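These are the residues of each chain, in order.
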Amino acid sequence: MYKISGETMHNTTRYLIFFQYIGTKYSGVVKVTPHELRKKGVQDHLEAAIRGLKPLNPVSLSISSRTDAGVHALSNSAHFDLQRRTNKPPFTGDVVVKALNFHLGTEQIRITSAHRVPDDFHARFCALSRTYVYRIALGVTHSSQLPLTENNVCWSLYRKELDVGAMLKAASLFVGTHDFSSFRAISSDMSSKSPVKTLDMVNIQPGSSFAHAHFHREIPLWELTFKSRSFLYKQVRRMTGALVAVGQGRLSIPQLKEIMEARDSLAYPQGLAAPAHGLFLTRVDYRESDLQLSQQTSEQQLPSSGNSED
């Protein structure tokens, strides 16, 4: 896409980036307002890195999937536009990945891939599905019993066992299209968002420690996987907390069904939600056709001179 400013013509390219982060030190993925005197969001650091590419346009990053403070991502996504002078060809995806990671420095954020996409592509609205994994460690009475690699990336429970069979039966209540009002935390945008969501999959399976082969004690780990096109605010953490309560015998399946059928945020028991630090966003999926540049766009953005990319 070309834009004319005065007598100078510029070319603008839209990029889709996939990135990961350990969310412990960030206020969440979205940026904080300038007057807020608290730790920054992942978006603040990503936009600062994009400005390091010296674009001619103001930097604005559109995040596909919001995550709260303390929540992690193995694969989140976002898009942004990068404007350069006409005699400067668009950066390749590989160049964008290397340059952004350089500018991110020691932040616990990494760009894993970057792709040129059509001008009308939107990282949030074009997403087909999002997948979250919640990690649980069993038989841990104190955080010192965990290897360092598991610190702040799983929920440690002191009990050594969960009734996984009961949890799977309970999880089946969530699959399909339902009103999840009872699993939505109260937020400012509640009135504008439908509580009806379709969960494509809820799965519970054994996990493994990052340091499994190098630690002195066996730590049972379980992973709860949730897949849907979109989720409500804190929905995954509330569903996880309820499933764990079923697995521990603190909540029966009929009681869980009553909570769900109440369709009321206040029907969810206080203190039951799982903490943020065990949750990972692991996938954001798109149609391959939505990512394809047209032949005309590709030809328009070919360099017209012998200048190398910089």
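Structure's up top.
As a convention, each chain's residues are numbered from 1 in the sequence order in which they are written. Side-chain atom pairs in this predicted model are given and counted only at pLDDT of 80 or more, local residue features only at pLDDT of at least 70, and totals for whole chains, interfaces and linings cover all residues. The basis for every side-chain value is the complete set of non-hydrogen atoms in the structure, without hydrogens or water.

Caption draft 1: Structural context of the packing of helix α1 (residues 42-51) against helix α2 (residues 93-104). Two numbers describe how α1 lies on α2: the axes approach to 8 Å, and their chain directions differ by 115°. The handedness of the crossing between α1 and α2 is right-handed. Note on element contacts: α2 touches α1 through Leu 100, His 103 and Leu 104, opposite His 45, Leu 46, Ala 49 and Ile 50. In terms of residue class, the contact of α1 with α2 is made up of five nonpolar, two polar and no charged. Geometry is summarised by axes, namely lines fitted to C-alpha atoms with helices restricted to the contacting stretch, and by angles between N-to-C directions that run from 0 to 180 degrees. A run of H or I in DSSP counts as a helix once it spans at least four residues, and a run of E counts as a strand once it spans at least two, with each numbered from the N terminus. Each crossing is labelled by how the near helix is turned from the far one, with a counterclockwise turn of less than a right angle marking it left-handed and a clockwise turn marking it right-handed. Two residues form a contact once any of their heavy atoms are found within 4.5 Å. The nonpolar class holds Ala, Val, Leu, Ile, Met, Phe, Trp, Tyr, Cys and Pro. Asp, Glu, Lys and Arg form the charged class, and all remaining residues, Gly among them, are polar.

Caption draft 2: Highlighting unusual backbone geometry. Backbone geometry at Lys 54 places phi at a positive 55°, although glycine is not the residue there. Structurally, Lys 54 can be placed in the loop between α1 and β3 (62-63). To sort residues, take the accessible area from a 1.4 Å probe on protein chains only and compare it with the maximum for the residue type: under 20% means buried, over 50% means exposed, and anything in between is partly exposed. Among the residues examined, Lys 54 registers a relative accessible area of 69% and is labelled exposed.

Caption draft 3: Molecular detail of the pairing of strand β4 (residues 72-85). Within β4, 11 of the 14 residues are buried, which leaves the element mostly enclosed by the surrounding structure. One bridge is not enough; two strands pair if DSSP finds at least two bridges between them. When β3 meets β4, the two strands line up antiparallel, connected through two bridges. Each residue of the ladder has a partner; that of Ile 63, found in β4, is Ala 78. Bridge count between β4 and strand β11 (residues 279-285): two bridges; the pairing is parallel. Among the inter-strand pairings, Ala 73 is bridged to a residue of β11, identified as Leu 281.

Caption draft 4: Representation of the pattern of salt bridges in the model. The term salt bridge refers to a pairing of a side-chain nitrogen on Lys or Arg with a carboxyl oxygen on Asp or Glu at a separation within 4 Å. Taken as a whole and assessed by the stated rule, the structure comprises seven salt bridges. For Glu 150, the salt bridge identified is with Arg 135, shortest N-O distance 2.8 Å. Of the two residues, Glu 150 sits in the loop between β6 (129-138) and β7 (155-157) while Arg 135 sits in strand β6, which places them 15 residues apart along the sequence. For the pair shown, Glu 150 and Arg 135 are each scored as buried.

Caption draft 5: Geometry of the side chain of Ser 228. On the secondary structure map, Ser 228 appears in strand β10 (residues 221-228). Relative accessible area serves as the criterion here: at 1%, Ser 228 is assigned to the buried category. A distance of 2.7 Å separates a polar atom in the side chain of Ser 228 from the backbone oxygen of Thr 198. Two N or O atoms form a polar contact when they lie within 3.5 Å of each other; inside protein one atom must be a possible hydrogen donor and the other a possible acceptor, and for residues adjacent in sequence the pair counts only when both atoms belong to side chains. A distance of 2.9 Å separates the side chain of Ser 228 from the backbone oxygen of Ser 230, its partner in a polar contact. Once you skip the residues sitting within four places of it in the chain, Ser 228 turns out to touch Ser 129, Arg 130, Thr 198, Leu 199 and Asp 200.

Caption draft 6: Region of the structure containing the packing of helix α3 (residues 164-171) against helix α4 (residues 235-247). Across the interface, α3 lies against α4 with an axial gap of 8 Å and an inter-helix angle of 140°. As the angle between them shows, α3 and α4 are arranged oblique. In the packing of α3 onto α4, the handedness of the crossing is right-handed. Along its contact with α3, which presents Ala 166, Met 167, Ala 170 and Ala 171, the element α4 presents Leu 243, Val 244, Val 246 and Gly 247. Tallied by class, the residues present in the contact of α3 with α4 amount to seven nonpolar, one polar and no charged. Note on angle classes: values under 35 degrees are labelled roughly parallel, values over 145 roughly antiparallel, values of 65 to 115 roughly perpendicular, and the remainder oblique.

Caption draft 7: Summary view of the side chain of Ser 77. Inspection of the secondary structure assignment puts Ser 77 in strand β4. There is a polar contact of 2.8 Å between the side chain of Ser 77 and the side chain of Ser 64. Here the side chain of Ser 77 touches Tyr 286 through a polar contact of 2.7 Å, side chain to side chain. For Ser 77, the contacting residues outside a window of four places in its chain are Leu 16, Ile 17, Phe 18, Phe 19, Ser 62, Ile 63, Ser 64, Val 284 and Tyr 286.

Caption draft 8: Spatial organisation of helix α5 (residues 253-262). Among the residues of α5, those classed as buried are Leu 256, Ile 259 and Met 260. End-on, the buried residues of α5 take up no more than an arc of 95°, which puts them together on one face. Exposed and oriented more than 90 degrees from the buried face of α5 are Pro 254, Glu 258 and Glu 261. Lining the buried residues of α5 we find α3, β8 (176-179) and α4. Once α5 ends, the next one or two residues include Arg 263, with phi positive near 50°. Regarding the arc, it is the one traced by the directions from the helix axis to the C-beta atoms.

What is shown is where atoms sit, not what they do.
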